[in-house]
Amino acid sequence: MKIKKLRKVQFEEIEKKAIFVMTHEVILADGTIHPSEVEAMKDLQEGIGMGPDLIAEAKQTSVDEALVSLHNMTYSKKKVLAQILEEMAISDNHLHEKEMQLIIQTFKNIGIGGETE
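Calculation notes
- Residues numbered from 1 in each chain as written.
- Predicted model: local features only at pLDDT ≥ 70, side-chain atom pairs only at ≥ 80, totals over all residues.
- Heavy atoms only, no water.
- Helix = DSSP H or I, 4+ residues; strand = E, 2+ residues; numbered from the N terminus.
- Buried < 20%, exposed > 50% of the residue type's maximum accessible area, 1.4 Å probe, protein only.
- Axes fitted to C-alpha atoms, helices over the stretch in contact; angles between N-to-C directions.
- Parallel < 35°, antiparallel > 145°, perpendicular 65-115°, else oblique.
- Left-handed = near helix turned anticlockwise from the far one by under 90°.
- Contact = heavy atoms within 4.5 Å.
- Nonpolar A, V, L, I, M, F, W, Y, C, P; charged D, E, K, R; others polar.

Engineer: Got a minute to help me understand the environment of K108 in this structure?
Structural biologist: Note that K108 resides in helix α6 (residues 97-110). Judged by its relative accessible area of 59%, K108 falls in the exposed class. In this structure, the C-alpha to C-alpha distance between K108 and H71, residues 37 residues apart in sequence, is 9.6 Å.

Engineer: Sorry if this is basic, but what is going on with the packing of helix α4 (residues 63-71) against α6 here?
Structural biologist: For any two helices packed against each other, the geometry comes down to the angle between their axes and how far apart the axes lie. Their axes nearest at 8 Å, the elements α4 and α6 cross at an angle of 60 degrees. When the axes of α4 and α6 are compared, the pair comes out oblique. Note that α4 runs across α6; the crossing there is right-handed. Here α4 contributes L67, L70 and H71 to the contact with α6, which in turn contributes T106, N109 and I110. Grouping the constituent residues of the contact of α4 with α6 by class yields three nonpolar, three polar and no charged.

This is the structure we're talking about:
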């Protein structure tokens, strides 16, 4: 799944804000913001239908608030989130150890990993 092809997944506004927060955290995890990560973030915002107002709200959302919203998502949406975070992490053509640790910790915090379909 490419980030641009997310329109078919219908996220609630609170979920969109939480996705924005966590993808932003992944981008910042390695200490460098690459132009390709900025482009991937724009693609994500467009793909999940985030306008300027919702982006502004998302920037005011804490990581803890985001994790609660993500924890409450359905399992199928969490699987999409996992793909989004992975694609964001490799959008600069390098998977940094800090990005992977953040993603794994996020999965633990929102309850991905132990479910079966």
